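Inside the fold
Each chain, letter by letter, is given below.
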Amino acid sequence: MSRIIAPGAAIGVLGSGQLGRMFAIAARRMGYRVHTFSPDHDTPTGQVADVEIHASYDDLDEVRAFASKVRVVTFEFENVPAATAEAAASQCEVRPRGEVLHITQNRLREKRFLRKNGFPCTVFDEISTLEELVSATGDGKLPAILKTAGFGYDGKGQRLIRTPGEAEAAWRELGGQPCVLEQLVDFEREVSVVAARGAGGAFAHYGVVDNAHRNHILDVTVAPASVSEKLAREAVEIARAILEALDVVGVLCVEFFVTRDGRLLVNELAPRPHNSGHFTFDACVTSQFEQQLRAVCGLALGSTELLRPAAMANLLGDLWSNGEPDWAAACAFPDVKLHLYGKLEARNGRKMGHLTALAATAQEAETMARAARESLGPKP
Ligand code: AMP
């Protein structure tokens, strides 16, 4: 049994966005102190943390100084260089371990890991030259999506290729860097499982949720998903096996496509709390953020019981294009919770906050979350 990091201790978070903010809120509620590290100032996490350090992830002296003042370092952002995680690990425990980040921050490494371990994932080719792309986009392989191996999220670094003639432009637009070429999946739905693994190997999960995307960005999550029990069991078992295989201590989200013939394909792994788990903050006994805290501190995992069906609707910066949204209107829905992340500038596509609606059924919760978002003002 690993040592416990008890309330009162300082926890370090690499990254300073909304995931760190909600983690910090959960941690401070339980009496922990939170230090956050990122290159930015006045950040969503920094606004609620005890200590906000702004320095480059490449400044390893700063990273070591940061890590020397906390008992454990965790992440809210996986695109942290491997050397940063190693520097932190020279001073204190790092959870999840740097190797988990190393694999999941790069689509090629992630897909190789999935394939090697027999997890079902989309058919893909590894592409490192234009010639490889041209031969991989030959007969019968299109449509497909070209994705950069590194630094991709929310549809960034992706180009759809429908005809062989589009391959060269897609390659150049993505900067001619190592990529994966994935067959376009004609999915029936997208679902995810947010799960946690404790320091002693205990496993907990929040079940399967339905995710709807707009412009490649998560738009609405509905919990629980309307999928068969069999499919839900399969998805949870895949998630469990992935957390075990990666030896994760912390929270990890597995995003899946469900194909029209009912198969699950892993699309992506995120080794941290995930946007599709935000509903847990208001709708579960233990939120995904408290669960991450419990896991990295060596505490027992909390109950993941869903108190009421729930739906989460993201609030993107686009909502601000006609001025400040009408917050009072959304707050007039008594079963809707408003979360704003304290970001200083609203840009199109930027995640600024979310709404969570709680209701008697998942469908009612979804209708309510969408209506509350509509009430914020006219669509841009
Ligand atoms: P990703 O950043 O890879 O999670 O992609 C963001 C979104 O783009 C996914 O949630 C899907 O809606 C869509 N997408 C990504 N890859 C594929 C694919 N191979 N087939 C169909 N849709 C995809």
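Now for a look at the structure at hand. All of these numbers come straight from a predicted model, not from anything done at the bench.

All right, on to the pairing of strand S10 (residues 187-197) then. Remember that side chains alternate between the two faces of the sheet whenever the strand is regular. Judged by how many residues are buried, S10 sits mostly within the fold: nine of 11 residues are covered. As judged from the 10 bridges shared by S10 and strand S13 (residues 250-259), these two strands associate in the antiparallel manner. Its bridge partner being in S13, Ala 195 is matched across the sheet by Leu 252. Sheet analysis places S10 next to strand S11 (residues 203-214), joined by seven bridges and oriented antiparallel. Bridge pairing in S11 links Ala 196 to Ala 204. The turn joining S10 and S11, which pair antiparallel and follow one another in sequence, is formed by five residues; a positive phi near 100° is taken by Gly 201.

Every one of the 17 residues lining the ligand counts as a neighbour, but Lys 147, Glu 182, Val 185, Glu 190 and His 216 are closest to it. Gln 158 places a side-chain nitrogen or oxygen 3.0 Å from an oxygen atom of the ligand. In the model, a nitrogen atom of the ligand is placed 2.8 Å from a nitrogen or oxygen of the Glu 182 side chain. For the ligand, whose unbound accessible area comes to 470 Å², protein coverage reaches 94%. When residues of the shell around the ligand are traced back to their parent elements, those giving at least two are strand S7 (144-148), strand S9 (179-183), S10 and strand S14 (264-270). Here the shell around the ligand is built from residues that sort into five nonpolar, six polar and six charged. Taken together, domain 2 (123-183) and domain 3 (187-374) each give at least three residues to the shell around the ligand, which thus spans both.

One finds Ile 242, Leu 246, Phe 256, Val 266 and Leu 269 to be the most contacted residues of the largest nonpolar core, which totals 32 residues. Put simply, the parts of the chain that give this core at least two residues each are helix H4 (98-104), helix H5 (107-116), S10, S11, helix H8 (229-246), S13 and S14. Looking at which element gives the most residues to this core, the answer is H8, with eight residues. Here this core gathers at least three residues from each of two domains, domain 2 (123-183) and domain 3 (187-374). If near-sequence neighbours (up to four positions away) are discounted, Val 266 is found in contact with Leu 114, Pro 120, Cys 121, Thr 122, Ile 238, Ile 242, Val 254, Glu 255 and Phe 256.

What follows concerns H8. Over its 18 residues, H8 runs 26 Å from end to end, which matches the ideal 26 Å to within 8%, given 1.5 Å per residue. For H8, the secondary structure elements touched by its buried residues are H4, H5, S10, S11, S13 and S14. Just downstream of H8 lies Asp 247, where phi reads positive at about 55°.

With the rule as written, the count across this model stands at seven aromatic pairs. On the basis of an interplanar angle of 5° and a centroid distance of 5.1 Å, the ring pair of Phe 187 and Phe 257 is categorised as stacked. In this pair, Phe 187 is assigned in strand S10 and Phe 257 in strand S13, connecting sequence segments 70 residues apart. Cation over ring: Lys 111 sits above Phe 124, and NZ or CZ is 5.7 Å from the ring centre.

Rules and cut-offs
Residues numbered from 1 in each chain as written. Predicted model: local features only at pLDDT ≥ 70, side-chain atom pairs only at ≥ 80, totals over all residues. Heavy atoms only, no water. Buried < 20%, exposed > 50% of the residue type's maximum accessible area, 1.4 Å probe, protein only. Helix = DSSP H or I, 4+ residues; strand = E, 2+ residues; numbered from the N terminus. Pairing = 2+ DSSP bridges. Near = heavy atom within 4 Å. Polar contact = N/O pair within 3.5 Å; in protein donor to acceptor, adjacent residues only side chain to side chain. Areas by Shrake-Rupley, 256 points an atom, 1.4 Å probe, with all protein chains shown as cover. Nonpolar A, V, L, I, M, F, W, Y, C, P; charged D, E, K, R; others polar. Domains from an automatic or database assignment. Core = buried A, V, L, I, M, F, W, Y, C linked by side-chain atoms within 4.5 Å. Contact = heavy atoms within 4.5 Å. Expected span 1.5 Å × (residues − 1). Phe/Tyr/Trp six-rings, centres within 6.5 Å; stacked < 30°, edge-to-face > 60°. Lys NZ or Arg CZ within 6 Å of the ring centre and 35° of its normal.

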